[in-house]
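Listed below are the residues making up each chain.
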Amino acid sequence: MARIDRAALDKANFPAAVTIPTRFADLDLQGHVNNAAVPVILQEARVAFNTAVDMRGQLGGLRPMVAGITIEYAAELTHPGEIEILTGVSKIGRTSFTLQQVVRQRGRTAIYAETTLVIADATGAAALPEGLRCNLETLLLRQTKEGMNSDG
C-alpha cells in the first residue's frame, strides 16, 4: 500500500478549509480524540466541500460514493479545541475524483487523508457531469512557491 505524500501535502495550498470543535464524545480512555472518530471529522469537511462544488445540484439523479479512503495519523488530536480540516482535489477521472485532506490542530498537522469518490447511477459508475468537473477543477490543489519545481 502506497503512503500518502506528506511532504507534497505540507507544501500544498488547499483551496477549501473548515474549522470544527472537538467533541467530548470523540474521546477515548487516553483522553485524546479516538482514531475511530477521524473518518467522521473528515466527512464533516467533505460535506462542506460538497456544498462548495454544488454536488447536489450538479448530480441530478446520480450519487457520490466513497470508493476508498486512506488515513495516516501523524499526531494526537486533543479536547477541548478546534480542528482545521483542509481539503483539495488531487485527481479528476472520468467517473471519479480524489480528495486530499490535512487535519491540523494548534498549528500542528495530525492527520493526512486521501478519499476517492465515484459517481454512480442505479447500474454502477457513471461519468462525472461536466458542471461538476468544472467545479472540481476550481478546487484543485496548488503547490506553494516552496513546493514548485524548477520547471514551474
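One structure accompanies this document, and this report is about it. (Residues numbered from 1 in each chain as written. Predicted model: local features only at pLDDT ≥ 70, side-chain atom pairs only at ≥ 80, totals over all residues. Heavy atoms only, no water.)

On to the pairing of strand S4 (residues 82–92), then. Relative to S4, strand S2 (residues 16–21) runs antiparallel, the two being bridged by six bridges. Residue pairing in the sheet places alanine 17 in a bridge with leucine 86 of S4. Sheet topology note: the S4/strand S5 (residues 96–105) ladder contains eight bridges and is antiparallel. Residue pairing in the sheet places glutamate 84 in a bridge with arginine 104 of S5. Linkage of S4 to S5, two consecutive antiparallel strands, is achieved through a turn of three residues. (Pairing = 2+ DSSP bridges. Helix = DSSP H or I, 4+ residues; strand = E, 2+ residues; numbered from the N terminus.)

Attention now moves to the nonpolar core. Residues Ile41, Leu77, Ile83, Ile85, Val103 and Ile111 are the most contacted members of the largest nonpolar core, which totals 14 residues. Counting residues per element, the ones that place at least two in this core are helix H2 (38–52), S4 and strand S6 (108–121). Examining the composition of this core, we find that four residues originate from one element, H2, more than from any other. Beyond its immediate sequence surroundings of up to four residues, valine 103 is in contact with Leu42, Leu77, Ile83, Glu84, Ile85, Arg108, Thr109, Ala110 and Ile111. Of all hydrophobic cores here, the second largest spans 13 residues; its members include Val89, Phe97, Ile119 and Leu128. (Core = buried A, V, L, I, M, F, W, Y, C linked by side-chain atoms within 4.5 Å. Buried < 20%, exposed > 50% of the residue type's maximum accessible area, 1.4 Å probe, protein only. Contact = heavy atoms within 4.5 Å.)

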